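A look at the structure
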Amino acid sequence: MTGYGMQCYQCDSNEDKSCPSSETFDTTLNALVDCAGFEAKVPGTFCMKIVQRSPGWNGWEKVTRRCGSRSDLGVAWGCRFSYEDMGTFKEICYCQDADGCNGSQKINKSFLLILITALLQIIIYLHF
């Protein structure tokens, strides 16, 4: 980490064209914000990336990146999935392992490994 606190990307795809919801996030177009500084809309000690998707053919997607001061479950790492009112899908990912960790578009490797392992177990179970 650099500076006095965690540094995260801070943007909202509904308000900022450099924070797209359907394209790759370009870290060169967005500056890191010191989560302990006055520029942070939400001061905190970790980074967050929130993705919301509405259901249906004409659904929308919104991505918010920001600092965080507390999580819904008290754990500030990993991703949580839920459905809100009217079936809106919500994914919140928390990280604090490196500055700018909420700029990633990639699936977490450990999540992918867990998914593959679970699928293999299902296939083996159904096969025997």
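A brief structural summary. (Residues numbered from 1 in each chain as written. Predicted model: local features only at pLDDT ≥ 70, side-chain atom pairs only at ≥ 80, totals over all residues. Heavy atoms only, no water.)

Within the structure shown, the criterion is met by 5 disulfides. The residue that forms a disulfide with C8 is C47, at a sulfur-sulfur distance of 1.8 Å. Disulfide C8-C47: the torsion about the S-S bond is -90°, which places it as left-handed. You can see C8 sitting in strand β1 (residues 7-9) and its partner C47 sitting in strand β4 (residues 46-53), a full 39 residues away along the chain. Linked covalently through their sulfurs, C95 and C101 form a disulfide whose S-S length is 2.0 Å. The sign of the 90° torsion about the S-S bond sets the C95-C101 disulfide as right-handed. Residues C95 and C101 agree in their burial class; the two are buried. Among the cysteines of the protein chain that take part in disulfides, numbered as they appear in the sequence, the pairing is 1-5, 2-3, 4-6, 7-8, 9-10. (Disulfide = S-S within 2.5 Å. Helix = DSSP H or I, 4+ residues; strand = E, 2+ residues; numbered from the N terminus. Buried < 20%, exposed > 50% of the residue type's maximum accessible area, 1.4 Å probe, protein only.)

Our next topic: the sheet that holds strand β2 (residues 11-12). With antiparallel pairing, 5 strands are arranged side by side in an open sheet as β2-β5-β4-β7-β6. On the outer flanks of this sheet lie β2 and β6 (78-83), each paired with one strand and no other. With 7 bridges joining them, β4 and strand β7 (residues 89-95) adopt antiparallel strand pairing. The partner of C47 across the bridge, within β7, is C95. (Pairing = 2+ DSSP bridges.)

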